[in-house]
Amino acid sequence: MPEMQIYKTLRFDAAHRLTGVPDTHKCSAMHGHGFEIEVHLKGEVDPQTGFVMDFGDLSKVCTPVLQQLDHAILNEIEGLENPTSENMSVWLWNILKPQLPLLYQLVIKETETSGCIYRGPEPTR
Ligand SMILES: Nc1nc2c(c(=O)[nH]1)N=C([C@H](O)[C@H](O)COP(=O)(O)OP(=O)(O)OP(=O)(O)O)CN2
Ligand SMILES: [Zn+2]
């Protein structure tokens, strides 16, 4: 069966401030976003189900993780002390990858025009 990518889009609202920028940077002040996350899997289509993975099962894995972030101050969450899109991608990858071996790519959109794409760490040789 062919290999394909599937994805699920999830949304949450949260506040953050960036701690690695000067005080003069607009994002050093607390502010909020409606974040959008795409969780992409890559794998073979199961001939029986016709699925790479059931979207419902993918949701069941992702939803509890994103519920932790919804209406939270991201800076207060362990590992997200400087919650840039880049740092959030790594944080999410480390939580989701053990539960989703087919995880291929995470897309985090902070705004309509700004976001981050992460495909996990380089494989060790
Ligand atoms: N590489 C990164 N740069 C910035 C991040 C980030 O996570 N990674 N985050 C921010 C801020 O959180 C900001 O809220 C989003 O930035 P920006 O796109 O500049 O926001 P605007 O909507 O105000 O941008 P427009 O200029 O209106 O398009 C900053 N940088
Ligand atoms: Zn922001």
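- For the protein chain, an unreviewed UniProt entry supplies the name 6-carboxy-5,6,7,8-tetrahydropterin synthase and the organism Tichowtungia aerotolerans.
- Comment text from UniProt for the protein chain, heading Pathway (unreviewed entry), reads "Purine metabolism; 7-cyano-7-deazaguanine biosynthesis."
- In UniProt, the protein chain has this text filed under Sequence similarities (unreviewed entry): "Belongs to the PTPS family. QueD subfamily."

1. Let's talk about the coordination of the zinc ion (ligand 2)
Each pair of donors in an ideal four-coordinate tetrahedral metal site encloses 109.5 degrees, whereas pairs in an ideal six-coordinate octahedral site enclose 90 or 180 degrees.
Move 1: The protein atoms that coordinate the zinc ion (ligand 2) are His16 (NE2), His31 (NE2) and His33 (NE2), at distances spanning 2.0 to 2.1 Å.
Move 2: In primary-sequence terms, the residues that donate to the zinc ion (ligand 2) follow H-x14-H-x1-H. With His16 in strand β1 (residues 3–16) and His31 in strand β2 (residues 31–44), this residue pair connects regions lying 15 residues apart in the sequence.

2. A closer look at the packing of aromatic side chains
Move 1: On inspection of all chains with the given rule, the structure shows two aromatic pairs.
Move 2: Taking 5.0 Å as the distance between ring centres and 10° as the angle between the ring planes, the aromatic pair formed by Phe12 and Phe35 counts as stacked. Of this pair, Phe12 sits in strand β1 while Phe35 sits in strand β2; the two residues are 23 residues apart in sequence, bridging distant segments of the chain. Summarising the burial analysis for this pair, Phe12 and Phe35 share the class buried.
Move 3: Relative to Tyr118, the ring of Trp93 has its centre 5.5 Å away and its plane inclined at 70°; by these criteria the two rings are edge-to-face. Of this pair, Trp93 sits in helix α2 (residues 85–96) while Tyr118 sits in strand β5 (residues 115–118); the two residues are 25 residues apart in sequence, bridging distant segments of the chain.

3. Concerning the state of the cysteines
Move 1: Under the definition given, this model contains zero disulfides.
Move 2: Cys27 supplies the cysteine sulfur nearest to Cys116, a cysteine that is in no disulfide, at a spacing of 15 Å.
Move 3: Take Cys116: its relative accessible area is 12%, and that puts it in the buried class.

4. Details of the environment of Gly115
Move 1: Summarising the element assignment, Gly115 is placed in strand β5.
Move 2: Distance from Gly115 to Glu36, taken between C-alpha atoms, is 9.1 Å for residues 79 residues apart in sequence.
Move 3: In this structure, Gly115 is in contact with Ile108, Lys109 and Glu110, ignoring residues within four places of it in sequence.

5. Comments concerning the pattern of salt bridges
Move 1: Counted by the stated rule, this structure contains four salt bridges.
Move 2: The partner of Glu36 in a salt bridge is Arg11, and the shortest N-O contact between them spans 3.1 Å. With a gap of 25 residues between them, Glu36 in strand β2 and Arg11 in strand β1 connect regions that are remote in the sequence.
Move 3: Judged by relative accessible area, Arg11 falls into the exposed class, the value being 60%.
Move 4: With a shortest N-O distance of 3.8 Å, Asp57 and Lys60 are connected by a salt bridge. Of the two residues, Asp57 and Lys60 are both situated in helix α1 (residues 55–69); the distance of three residues between them amounts to about one turn of the helix.
Move 5: The exposure class of Asp57 is partly exposed, given its relative accessible area of 34%.
Move 6: Lys60 sits in the exposed class, given a relative accessible area of 64%.
Move 7: Ionic contacts of the salt-bridge type, sharing partners, join the residues Arg11, Glu36, Glu38 and Lys109 into one network.

Each value, and the rule that gives it
- Residues numbered from 1 in each chain as written.
- Chains lettered and ligands numbered in written order.
- Predicted model: local features only at pLDDT ≥ 70, side-chain atom pairs only at ≥ 80, totals over all residues.
- Heavy atoms only, no water.
- UniProt positions renumbered as here; feature names shortened; annotations may be inferred.
- Donors = N, O, S within 2.8 Å, 3.2 Å for Na, K, Ca; no water.
- Helix = DSSP H or I, 4+ residues; strand = E, 2+ residues; numbered from the N terminus.
- Phe/Tyr/Trp six-rings, centres within 6.5 Å; stacked < 30°, edge-to-face > 60°.
- Buried < 20%, exposed > 50% of the residue type's maximum accessible area, 1.4 Å probe, protein only.
- Disulfide = S-S within 2.5 Å.
- Contact = heavy atoms within 4.5 Å.
- Salt bridge = Lys/Arg side-chain N within 4 Å of Asp/Glu carboxyl O.

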